[in-house]
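# Coordinate analysis (summary)
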Amino acid sequence: IINDEFCLYYQPKINVISGQILAVEALARWQHPLLGILSPNEFLSLIENDDELSSQFNYWVISQAIIQLKQWQQDGLYIKICVNISQREFKHKEFMEKINKIFSDNQTSLDLLSYLEFEILETVTIENLNKSNKIIQECKSLGITFALDDFGTGSSSLMHLKELEIDTIKIDRTFVSGMMDNSEDMAIIKAVVGLANAFDISVTAIGAEKIEQIMSLMEIGCDEIQGY
């Protein structure tokens with residue numbers, strides 16, 4: 001962080017009907033001076049086990065996303081950036097104070113915040129639904145939307161859809177990768193899309209990279225796709 005060796009890559013989220021890129025997910029990479037580009041699974045565990053480091057990294061990622069949003073909008077490009085929030089940061093008692101400080105330090109307008117989405121793992125919300133929803137509501141009051149990542153891998157999914165004021169659920173790629181060969185995976189995807197529609201929640205399928213998958217997801221009624 002001190003040496004400014006991190007950078008963000010942006011993976012498109014695509015509307016399955018129009019083919020338009022509506023948003024991107026910000027993915028951190030470490031530009032290591034000796035080892036080259038390192039993916040998150042090679043360094044995130046080190047960061048997430050340390051309070052101070054986790055806070056610094058979260059600050060950096062969100063700040064960089066805001067800087068990128070400003071640059072894109074200056075260039076006439078208006079798409080949303082989705083940022084992953086770690087379990088440690090989301091559960092921190094001063095989470096909202098930290099978030100507001102990032103926005104203040106980066107002179108972030110409310111209009112810009114409407115192009116920011118936070119992604120949290122489904123499992124993160126299990127421990128305290130009321131507290132999770134309070135944080136989500138505070139963020140949404142600023143214009144920030146929320147996505148529930150890895151949906152279907154945790155427990156009490158129905159309760160989450162009922163209680164949490166989320167905007168998007170992301171179907172875990174383990175279901176998407178097997179959907180064309182496994183009838184159970186296909187049934188799960190259809191069920192999740194049906195539930196989401198009932199609750200007026202958008203659905204993103206992760207790991208949709210083959211044309212058969214995309215065509216099938218379109219027929220099922222999935223809203224967006226994202227590769228892996």
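What comes next is a walk through the structure.

## Some words on the pairing of strand β8 (residues 202-206)
With 4 of 5 residues buried, β8 is to be regarded as a mostly interior element. Here strand β7 (residues 168-171) runs beside β8; their pairing, made up of 4 bridges, is parallel. Bridge assignment links T168 to a residue of β8, and that residue is S202. Pairing geometry for β8 and strand β9 (residues 224-226), over 3 bridges, is parallel. What sits directly across from I206, in β9, is Q226.

## Some remarks on the nonpolar core
Within the largest apolar cluster, 63 residues are counted, with the highest numbers of intra-cluster contacts made by V83, F103, F118 and I169. Per element, the largest residue contribution to this core is 8 residues, and it comes from helix α2 (residues 51-74).

## Some thoughts on the side chain of Q226
When you line up the elements, Q226 lands in strand β9. On the basis of relative accessible area, Q226 is assigned to the buried category, the value being 2%. Ignoring sequence-local partners within four residues, the contact set of Q226 consists of Q11, P12, K13, E25, K170, T204, A205, I206, G207 and A208.

## So, helix α9 (residues 183-198)
Taking 1.5 Å of rise per residue, the 16 residues of α9 would be expected to cover 22 Å, and the 23 Å separating its terminal C-alpha atoms lies within 8% of that figure. Those residues of α9 lying buried are D185, M186, I189, V192, V193 and A196. One side of α9 holds all its buried residues, which, seen down the axis, span an arc of 125 degrees. Pointing more than 90 degrees away from the buried face of α9 are the exposed residues S183, E184 and A198. For α9, the secondary structure elements touched by its buried residues are β6 (145-151), β7, α8 (173-177), β8 and α10 (211-220). Where α9 begins, one side-chain oxygen reaches toward the backbone nitrogen of E184, 2.8 Å away; that side chain belongs to N182.

## What to know about the packing of aromatic side chains
Enumeration over the complete set of coordinates arrives at 12 aromatic pairs. A ring pair is formed by F118 and F146, whose centres lie 5.8 Å apart and whose planes are at 90 degrees; its orientation type is edge-to-face. A residue pair is termed long-range when its members are at least 10 positions apart, and F118 in strand β5 (residues 116-121) and F146 in strand β6 qualify at 28 residues. F118 sits in the buried class, given a relative accessible area of 0%. Ring pairing ties together the aromatic residues F6, W30, F43, F57 and W60, which thus form one cluster. Between the NZ or CZ atom of R173 and the centre of the ring of Y228, over which it lies, the distance is 3.7 Å.

## Topic: the packing of α2 against helix α4 (residues 95-105)
Packing of α2 against α4 brings their axes to within 10 Å, and their N-to-C directions diverge by 40 degrees. The angle between the axes of α2 and α4 places the two elements in the oblique class. Between α2 and α4 lies a crossing of right-handed hand. In contact with S55, N58, Y59, I62, S63 and I66 of α2, α4 contributes K98, I99, I102, F103 and D105. By residue class, the composition of the contact of α2 with α4 is 6 nonpolar, 3 polar and 2 charged.

## A short note on the state of the cysteines
Counted according to the given criterion, the structure contains 0 disulfides. Not engaged in a disulfide, the cysteine C7 finds its nearest cysteine sulfur in C82; these two sulfurs lie 18 Å apart.

## A word on the pattern of salt bridges
Applying the stated criterion across every chain yields a total of 9 salt bridges. E224 serves as the salt-bridge partner of K13, at 3.5 Å between the closest nitrogen and oxygen. Of this pair, K13 sits in strand β1 (residues 6-15) while E224 sits in strand β9, and the two are 211 residues apart along the sequence. A residue is classified by how much of its surface remains accessible, and K13, at 2% relative accessible area, is buried. The closest approach of N and O atoms between K170 and E25, which form a salt bridge, is 3.0 Å. Pair noted here: K170 is in strand β7 and E25 is in strand β2 (residues 21-32), with a separation of 145 residues, a long-range link. Neither residue differs from the other here; K170 and E25 are each classed as buried. Three or more residues are tied together by salt bridges with common partners; here these are K13, E117 and E224.

The rules behind these values
Residues numbered from 1 in each chain as written. Predicted model: local features only at pLDDT ≥ 70, side-chain atom pairs only at ≥ 80, totals over all residues. Heavy atoms only, no water. Buried < 20%, exposed > 50% of the residue type's maximum accessible area, 1.4 Å probe, protein only. Helix = DSSP H or I, 4+ residues; strand = E, 2+ residues; numbered from the N terminus. Pairing = 2+ DSSP bridges. Core = buried A, V, L, I, M, F, W, Y, C linked by side-chain atoms within 4.5 Å. Contact = heavy atoms within 4.5 Å. Expected span 1.5 Å × (residues − 1). Arc of directions from axis to C-beta. Polar contact = N/O pair within 3.5 Å; in protein donor to acceptor, adjacent residues only side chain to side chain. Phe/Tyr/Trp six-rings, centres within 6.5 Å; stacked < 30°, edge-to-face > 60°. Lys NZ or Arg CZ within 6 Å of the ring centre and 35° of its normal. Axes fitted to C-alpha atoms, helices over the stretch in contact; angles between N-to-C directions. Parallel < 35°, antiparallel > 145°, perpendicular 65-115°, else oblique. Left-handed = near helix turned anticlockwise from the far one by under 90°. Nonpolar A, V, L, I, M, F, W, Y, C, P; charged D, E, K, R; others polar. Disulfide = S-S within 2.5 Å. Salt bridge = Lys/Arg side-chain N within 4 Å of Asp/Glu carboxyl O.

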